[in-house]
Amino acid sequence: MDNILSWIIWIPIIGMVAIAFIPRDKKDLIKQIAAVTTGIQLLLAIMLWSVFDATSGSFQFMERAEWIPSLGISYILGIDGLSLPMVALNALIAFLGVFVSWNIDRAVKGYFALFLLLDTGVMGVFLSLDFFLFYVFWEVMLLPMYFLIGMWGGPQREYAAIKFFLYTLFGSVLMLIALLALYFACGQTFDMILMMERAPFALDGVVWWGMSAIKVIWVLLFIGFAIKVPVFPFHTWLPLAHVEAPTAISVVLAGILLKLGVYGMLRINYTMLPDAVWWFAGSLAFLGMINVLWGAMCALAQKDLKKMVAYSSINHMGYLLLGMAAVIAGGSVNGSNLMAAQAGINGAVFQMFNHGTISAMLFILVGVIYEQAHHRDIEGFGGLASQMPIYTAIVALAFFAGLGLPGLSGFVSEAMCFIGAFPVFRTMVIISTIGILLNAAYFLWAFQRMFFGKLNEKYTKLEDINKRELFTVIPLLVITIFLGVYPRPFLDMIKETMNVLIDQVVVVGGVAGIF
Amino acid sequence: MNNLLSISLFWPELLLTATILIAIVVDIFSQSPKSNKVSNYVIIGLLATLVAVFITNHSPTTLFMDSLAFDPFASFFKSIVIVATLFVIVISRYSNEFEGYHTGEYYALLCIMVFGMFLMASAIDLITVYLSIEVVSLMSFILAGYLKNNPRSNEASLKYVIYGAFSSGIMLYGLSIIFGLTGTTKFFAIRDAIATLDSTSNLSLTLSTVFVLAGFGYKISAVPFHFWTPDVYEGSPTPITAYLSVAPKAAGFALMIRFFNQVFVDGDSLSGLGWYSDVSFAWPELLGIISVATMSLGNLVAIQQNSVKRMLAYSSIAHAGYMLMVFPTISSEGVFAVMIYLVMYLFMNLGAFFVLIYVIQKEGGENFEHFSGLGWRMPIVGIVMTVFMFSLTGLPPTVGFIGKFYLFVAVINAGSSFYWIAFFGAINTVISLYYYMRVVKTMYLDGKPSDEIQVPPFSITAILLILAVPSIFFGIYWTPILNWVKDSLLFFVQI
């Protein structure tokens, strides 16, 4: 069990190096190596889940090593209830992603090498507790993502890839400035645990250009993370990248990469600048509301199935932001409604996980039909229910999960977000509920147009979902149904960490509060 | 130290002089028009000089009656210059641009230029400042125009001469005003004399420094003295372009750091830092604006280029801008960051130019279209070029990121009044991503993937890897460079 976190991070690199030494025409061997490495990673993640001590809210399985001592940079890894679900989710999605991309036939070697590099980058972000290391992993993800979209994507892939790259890099350079400002404020250390202790007090009363330094740093970090989430108005790269990316990459993008932004906010903004949470929570809830409505309305207008699913991600992220903003319900100003704060923040993390599984499922299903029909035009299908019964049943379940039907996991987390946010942001929550309605409308309408009515003559030869595709969808479906009926195992896992987080915002932020 | 004693610490330069003379003599007696004989001698001579630079150990002092400094700072820049020269000589041997030209004196001229840069790195007297800049410039003019039958090369040389003469004239004028004000040409005497000046001399002092800055700005191609750069870089033989973008720039920065640190600060140049208080001129702001203008112009114009060579020329302007970011802070951290950046820049920029040289040789051109599909045809060259492009952009885990990181650390640490410079630096990084990625895009996304794989000759592969492996290795573990720079950050200071 020693160094299990390092193993989780670096195993894909081992796979990548192995792939680099295999001749490029041995395609099956390359795929098998990718499957084995991500499989081992998944097993390690499951093992980690089973031995994780859920009664503690602090970091576990810590690893520490000197890296560049003169600058206070170390190699620190650790896991808590916030990163554990993300690590598990990433391991699962990466493993399934290998099978989703089984049909890639162009430059297989490069594809899987980059895929594994991406995997390492994402795991590194979730597990690193050194801000410098965090930043390095954050940037390392960009390179494989650029190539994966740009080389294996759809017709507009080059534009989509560079737009994704430029947007994300813009966010990360702002983050770099904020990172350095925090570094000097916290006594020249990148150790995130130390920074979490010192940063809330270190910047009190510091003013830059007539604005509180805390607010400036918060905004810089927020923009960096918001681009990844994406929060309106930084969302325009997302539909494009999603539509152009190959199926497996859309799955990873929606399932994992969008969570990085939220993870960053909770891990860094919320713990290091808790004062500013009070200042920004209202805006966060407002942006959440816009995300809900904007995402839903755009989804409603889409003709392309994949684009619709992409906009549904923006919509779902909106619920999550509302839940995150609800943390201030725990403060004395807002009646110390600790229950609401807990519901909101736990709901937000639960929503992160659920959106990961549900949107991954949706993108896989879009890929299934696209591979056979070679288009994704919702209007172009019709009556598929009789032609592909199993596929129809699974899509129905996935769509229901997406629209938040009770009994499926999406419902639980969305409800928690709303319950948390309601006491503090009553009006915005009420307006956001319109989003739920629209949400149901676009999923059901798309379903109706694709699967009911008369079968289009062109599609009498379509085959039903095959075994490999079933294999990639079923695990996600099982998780969705299981957590929808019985969410306790998940919520118990994260509860203590979330209590620590709420304490940090409410108690530390409340004491140091300068606003 | 008097002249006779100085000789004992000057022997790297003497070794270099001997190398130059041997190169000229060997060239006279060699018969074939393109012979590698001269370059062999020159490589051996330079390696010996490098060793001499490292083993000449003495506490910091001055040579030749206070006209040259002997200190670790100078040795650091001398080493950088020699390493860059060695790389350029090796790659010149493989470049096909010199076919049909007599290359013997080419190597001799390079060595004379190295000698000039040695002096630039250690000059602490206005006369040596001017002389060393002129030696380097004159050699650059000849080398830029080395391809006598190529009109572009002639144009480059001519433009270089005109701009060079113009800016060195301005600089000389500035130096003469400083001499007029202080009555001395020695840096430390000037510093002491300035301290006694009253406020009526402020205008002339400011003016003279601006003039001197024109000379430095020309050497490091800072806006608005950058106009020669794109044309000269485009017209020169590509190995010379690579050389000009690294070595004289490093020497220019050395000279500039020394000048500002030893003339215009209160007290000890590396501890009690602060701009000289009586000069009532907004130096930090002016230098900040020059820095932001340089990087923005370099980046914005680089986007529009169709020639990769010209793109790299503008990108090197942008990199000078990044390095200038720390000058307004005039802190030892800033100097430290520039020195680290120069080491990192040496690897990535020379690497990018060497890939370009190889592509010119193989594909017959330097435009983006010649790179199309390159990543599929020559996997090693493609991957290596991708590393250099990412490094020049400043993405981890490459040396470019570490270099930029230290620059940002120095700027942010200097206080919130400099944050705007860091902000522009950050935005410029994003802009630069666009055109560096265009190369990568052209190599991998354009053109047809072919099954035929070309492997460059072993020597080319080796030299590319020698530059690419450190570009990643030092991006992950850069403590060795850190220690080297830390040990070299020691000026000769006369209290």
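Because the structure is a prediction, the values reported are computed rather than measured. (Residues numbered from 1 in each chain as written. Chains lettered and ligands numbered in written order. Predicted model: local features only at pLDDT ≥ 70, side-chain atom pairs only at ≥ 80, totals over all residues.)

### Quick notes on the overall build of chain B
Note the following rule: Think of it this way: any DSSP run of H or I at least four residues long counts as a helix, any run of E at least two long counts as a strand, and we number them from the N terminus. Computation of the radius of gyration draws on C-alpha atoms alone. For the globule rule, the value is 2.2 Å times the number of residues to the power 0.38. To sort residues by burial, count the other C-beta atoms lying within 10 Å of each one's C-beta; a count of 20 or more means buried, 12 or fewer means exposed, and anything in between means partly exposed. C-beta atoms are built from the backbone. Residues are scored as being in contact if the C-beta atoms we place from backbone atoms lie within 7 Å.
A count of helical and extended segments in chain B gives 20 helices and 2 strands. Rg of the C-alpha trace for chain B: 22 Å, near the compact-globule value of 23 Å for 495 residues, within the 12% margin. Dimensions of chain B along its principal axes, counting C-alpha atoms only, are 75 × 55 × 40 Å. Here chain B holds 495 residues, and the buried ones make up 56% of them. Put simply, of all contacts in chain B between residues at least 6 apart along the chain, 79% involve residues at least 24 apart.

### Looking at the overall build of chain A
Of the regular secondary structure elements, chain A holds 20 helices and 4 strands. In terms of overall dimensions, chain A is globule-like: its C-alpha atoms have a radius of gyration of 22 Å, near the 24 Å expected for 515 residues. With the principal axes as the frame, chain A shows a C-alpha extent of 70 × 55 × 45 Å. Buried residues in chain A amount to 60% of all 515 residues.

### Describing the interface of chain A and chain B
The test is simple: Residue classes follow a fixed rule: Ala, Val, Leu, Ile, Met, Phe, Trp, Tyr, Cys and Pro count as nonpolar, while Asp, Glu, Lys and Arg count as charged, and any other residue, Gly among them, counts as polar.
At the junction of the two partners, chain A supplies 25 residues and chain B supplies 25 residues. At the level of elements, helix H5 (131-140), helix H6 (142-152) and helix H7 (157-185) of chain A are the ones that each hand at least two residues to the side of chain A that touches chain B. Ranked by residues supplied to the side of chain A that touches chain B, first place goes to H7 of chain A with 13 residues. Grouping the constituent residues of the side of chain A that touches chain B by class yields 21 nonpolar, 2 polar and 2 charged.

### As for the pairing of strand S1 (residues 60-68) of chain A
Residues and elements named next belong to chain A. Basically, it comes down to this: In this description, strands pair whenever DSSP reports at least two bridges between them.
Here S1 runs beside strand S2 (residues 73-79); their pairing, made up of 6 bridges, is antiparallel. Across the sheet, the residue bridging to Gln 60 is Ile 79, located in S2. Joining the antiparallel neighbours S1 and S2 is a turn of 4 residues, in which Gly 72 adopts a positive phi near 75 degrees.

### Examining the environment of Cys 417 of chain A
For Cys 417 of chain A, the position within the fold is in helix H17 (residues 409-421). Ignoring anything within four residues of it in the chain, the contact list for Cys 417 of chain A reads Tyr 319, Leu 320, Leu 322, Gly 323, Gly 344, Gly 347, Ala 348 and Gln 351 of chain A.

### As for helix H5 (residues 104-122) of chain B
Where we set the bar: Residue count minus one, scaled by 1.5 Å, sets the expected span of a helix.
Spanning 19 residues, H5 of chain B covers 29 Å between terminal C-alpha atoms, matching the ideal 27 Å at 1.5 Å per step. Taken across its 19 residues, H5 of chain B has 18 buried, putting it largely inside the fold.

### Considerations on the packing of helix H4 (residues 72-94) of chain B against helix H14 (residues 332-363) of chain B
Residue and element names in this part refer to chain B. Counted only if it meets this: Angular values range over 0 to 180 degrees, each being the angle between N-to-C directions of two axes fitted as lines to C-alpha atoms, with helices fitted over their stretch in contact. Every angle not falling under 35 degrees, over 145, or within 65 to 115 is termed oblique; those three ranges are roughly parallel, roughly antiparallel and roughly perpendicular.
Where H4 meets H14, the axes come as close as 11 Å, and the angle between the chain directions of the two elements is 5 degrees. In terms of their interaxial angle, H4 and H14 are classed as roughly parallel. Listed contacts from H14 to Phe 76, Ile 80, Val 83, Ala 84, Phe 87 and Ile 91 of H4 are Met 339, Leu 342, Val 343, Leu 346, Leu 350, Phe 354 and Ile 357. Residue classes in the contact of H4 with H14 are distributed as 13 nonpolar, no polar and no charged.

### Quick notes on H17 of chain A
Residues and elements named next belong to chain A. Spanning 13 residues, H17 covers 19 Å between terminal C-alpha atoms, matching the ideal 18 Å at 1.5 Å per step. Of all 13 residues in H17, 10 are buried; the element is thus mostly enclosed. Restricting attention to buried positions, one finds in H17 the residues Ser 409, Gly 410, Val 412, Ser 413, Glu 414, Met 416, Cys 417, Phe 418, Gly 420 and Ala 421. On the buried face of H17, the contacting elements are helix H12 (274-301), helix H13 (305-325), helix H14 (338-373), helix H16 (389-403), helix H18 (426-451) and helix H19 (467-485).

### What about the confidence of the model for chain A?
Applied cut-off: What pLDDT expresses is the predictor's confidence in each residue, scored from 0 to 100.
Summarising the model, chain A shows a mean pLDDT of 87, and 98% of its residues fall at 70 or more. Looking over chain A, one finds the lowest element-wise mean pLDDT in strand S3 (residues 207-208) of chain A, namely 78, and the highest in H5 of chain A, namely 92.

### Here's the deal with unusual backbone geometry
Of all residues except glycine, most have a negative phi; of all peptide bonds, most are trans. Between Phe 232 of chain A and Pro 233 of chain A the backbone carries a cis peptide bond, its omega angle lying at 5 degrees. Its place among the elements puts Pro 233 of chain A in the loop between helix H9 (213-228) and helix H10 (237-244). Cis peptide bonds are those with omega within 30 degrees of zero, and the linkage from Val 223 of chain B to Pro 224 of chain B qualifies with 5 degrees. With a phi angle near 65 degrees, Asp 66 of chain B is a residue other than glycine that sits in the positive phi range. Tracing the backbone shows Asp 66 of chain B in the loop between strand S1 (61-63) and strand S2 (68-70).

### Comments concerning the confidence of the model for chain B
Residue and element names in this part refer to chain B. Scored by pLDDT, chain B comes out at a mean of 86, with 94% of its residues at no less than 70. For the stretch residues 267-274, pLDDT sits under 50, and the model shows 17 contacts to residues farther than four places along the chain or on other chains. Two numbers describe this predicted complex: its pTM, 0.91, and its ipTM, 0.89.

### Quick notes on the packing of H7 of chain A against helix H17 (residues 399-413) of chain B
To keep it simple, the criterion reads: With the far helix as reference, a near helix turned anticlockwise by less than a right angle produces a left-handed crossing, and one turned clockwise produces a right-handed crossing.
In the contact formed by H7 of chain A and H17 of chain B, the axes pass within 10 Å of each other and the chain directions differ by 55 degrees. The angle between H7 of chain A and H17 of chain B places the two elements in the oblique class. Crossing handedness for the pair H7 of chain A and H17 of chain B: right-handed. Contacts between H7 of chain A and H17 of chain B involve Leu 176, Ile 177, Leu 180, Ala 181 and Phe 184 of chain A from the first element and Phe 408, Val 409, Ile 412 and Asn 413 of chain B from the second. Considered class by class, the residues forming the contact of H7 of chain A with H17 of chain B number 8 nonpolar, 1 polar and no charged.

### Comments concerning the environment of Tyr 486 of chain A
Summarising the element assignment, Tyr 486 of chain A is placed in the loop between H19 and helix H20 (488-512). Along the primary structure Tyr 486 of chain A and Leu 408 of chain A are separated by 78 residues, whereas in three dimensions their C-alpha atoms are 9.4 Å apart.

### Description of the environment of Thr 393 of chain B
Residue and element names in this part refer to chain B. As for its placement among the helices and strands, Thr 393 is situated in helix H16 (residues 379-393). The exposure class assigned to Thr 393 is buried, which follows from the 25 C-beta atoms found within 10 Å. Separated by 14 residues in the primary sequence, Thr 393 and Leu 407 place their C-alpha atoms 14 Å from one another. Discounting residues that sit within four places of it in the chain, Thr 393 has contacts with Gly 400, Thr 429, Ser 432, Leu 433 and Tyr 436.

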